[in-house]
Amino acid sequence: MPDDDQKARLLRTIEYRQKFDERLGQIDQQTPFDSVHGVDTTESVELWELPDAEQTWVGRNARYSPTPVLTVRNALSKCDVKHEEVTFVDVGCGKGRVLLLAGELPFRRIVGVEASEALCAIARSNVEKASEASGGHDRIDVVHADATKFDVPADAGLFYFYEPFSVEVSATVLDRIEDSIRQHPRRVVLCFTGRGQPDGEGTDLEKTPVAAAPAEMRDQWNLVKVVLSPDAEFYDSFLYEYASSPA
Ligand SMILES: C[S@@+](CC[C@H](N)C(=O)[O-])C[C@H]1O[C@@H](n2cnc3c(N)ncnc32)[C@H](O)[C@@H]1O
């Protein structure tokens, strides 16, 4: 049984998330995406609502919440990559909104990695529906995998992270990306969106997103740009590049 402190913390988290979702709803209304593309990406999902969420994964405090549309378009437009030559990876793709937005750019391939099979199914259905409406999303693949075990594509050149998980998980994902760069030397850019919220109530925004902490601590990664979000300060993006990337 949770004690009174735990209950109070849980209630504060729920209240904070309700307010967060209301704000996100307002932002989303300004740039309608689902109604335009006939998809379902807006509604947030707590992982305990998913039939396949594991206990450890819920404990890491992850949830599905989409990045606002203009934030993604703006951040991706500032990433210095040769689209036709690289695969784009959304690490923790949820319902696949970012995949569809990446599809507006000429990436060679677009891959979403998602630990929940239930969310993967929604993402695949969204890709299918958007393809019917606008034609041609055959460059997009949704992979059901834990990002810490995911096979990094040898041509992956841009990785997108929107607050998908804890520092520990992020460090393991970064290890895999670094292994891949050593095996297949290439330029790689990491885009971390969403500032950390140390107190869980959003009143004291941290400088960088939680998942970016391992990149921040490692010499191999340089912070090359901070892209301010057109939607809200919380959604600012931090771009890192591998230090010894070939031009
Ligand atoms: C905040 S949502 C971001 C969704 C999407 N990238 C976007 O920006 O619209 C984070 C997603 O990461 C997924 N996730 C959490 N831990 C994961 C893991 N270890 N491997 C793969 N996906 C994970 C969650 O299920 C959730 O869908």
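Everything below is about the structure shown above.
Residues numbered from 1 in each chain as written. Predicted model: local features only at pLDDT ≥ 70, side-chain atom pairs only at ≥ 80, totals over all residues.

Undergrad: Which residues make up helix H4 (residues 69-77), and what values do they have?
TA: Those residues of H4 that sit buried are Val 69, Thr 71, Val 72, Ala 75 and Leu 76. The arc enclosing the buried residues of H4, seen along the axis, measures out at 165°, which places them on a common side. (Buried ≥ 20, exposed ≤ 12 C-beta atoms within 10 Å, placed from the backbone. Helix = DSSP H or I, 4+ residues; strand = E, 2+ residues; numbered from the N terminus. Arc of directions from axis to C-beta.)

Undergrad: How would you summarise the site of the ligand if you had to cite specific residues and measurements?
TA: Near the ligand, the surroundings consist of 25 residues, among which Gly 92, Gly 94, Ala 115, Ala 147 and Tyr 162 are the closest. Contributions of two or more residues to the shell around the ligand are made by helix H5 (97-102) and strand S4 (109-114). Of the residues contributing to the shell around the ligand, the split by class is 14 nonpolar, 6 polar and 5 charged. (Near = placed C-beta within 6 Å. Nonpolar A, V, L, I, M, F, W, Y, C, P; charged D, E, K, R; others polar.)

Undergrad: Summarise the nonpolar core; cite the residues concerned and give the values.
TA: In this structure, Leu 99, Phe 159, Tyr 160, Leu 190 and Cys 191 are the most contacted members of the largest nonpolar core, which totals 60 residues. Leave out the neighbours within four places in its chain, and Leu 99 touches Asp 90, Cys 93, Ile 110, Gly 112, Ala 123, Val 127 and Ile 140. (Core = buried A, V, L, I, M, F, W, Y, C linked by C-beta atoms within 7 Å. Contact = placed C-beta atoms within 7 Å.)

Undergrad: Give me the sheet that holds strand S8 (residues 221-227): which residues, what numbers.
TA: Taken in spatial order, the 7 strands make up an open sheet running S5-S4-S3-S6-S7-S9-S8, and their pairing is mixed. Edge positions in the sheet fall to strand S5 (140-144) and S8, since each of these pairs with one other strand and no more. With strand direction ignored, the average angle separating the axes of adjacent strands in the sheet is 20°. Summarising the sheet, S4 and S5 pair through 5 bridges and their orientation is parallel. Directly across from Val 111, in S5, lies its bridge partner Asp 141. (Pairing = 2+ DSSP bridges. Axes fitted to C-alpha atoms, helices over the stretch in contact; angles between N-to-C directions.)

Undergrad: Break down unusual backbone geometry for me, with residues and values.
TA: For Glu 163, which is not a glycine, the phi torsion comes out positive at approximately 35°. Note on placement: Glu 163 falls in the loop between strand S6 (156-162) and helix H7 (167-183). When the 23 C-beta atoms within 10 Å are taken as the criterion, Glu 163 is described as buried.

Undergrad: For the environment of Ala 123, give the residues involved together with the corresponding values.
TA: Locating Ala 123 in the fold gives a position in helix H6 (residues 117-134). A tally of 30 C-beta atoms within 10 Å means that Ala 123 is categorised as buried. For the pair formed by Ala 123 and Val 39, sequence separation is 84 residues and the distance between their alpha carbons is 9.1 Å. Those residues in contact with Ala 123 that sit more than four places away from it in its chain are Cys 93, Gly 94, Lys 95, Gly 96, Leu 99, Gly 112, Glu 114 and Val 142.

Undergrad: Lay out the pairing of strand S7 (residues 189-193) with the relevant residues and their values.
TA: Of all 5 residues making up S7, 5 are buried, and the element is well covered by its neighbours. With burial as the criterion, each face of S7 is covered, one bearing Val 189, Cys 191 and Thr 193 and the other bearing Leu 190 and Phe 192. Pairing geometry for S6 and S7, over 5 bridges, is parallel. When the sheet's bridge partners are listed, Leu 158 is paired in S7 with Val 189. Read as a crossover between parallel neighbours, the route from S6 over H7 to S7 is right-handed. Two strands pair when backbone bridges link them, and S7 and strand S9 (residues 237-242) are joined in this way by 5 bridges, in the antiparallel orientation. Note that in S9 the partner of Val 189 across the bridge is Glu 241. (Right-handed = clockwise from strand over helix to strand, strands pointing away.)

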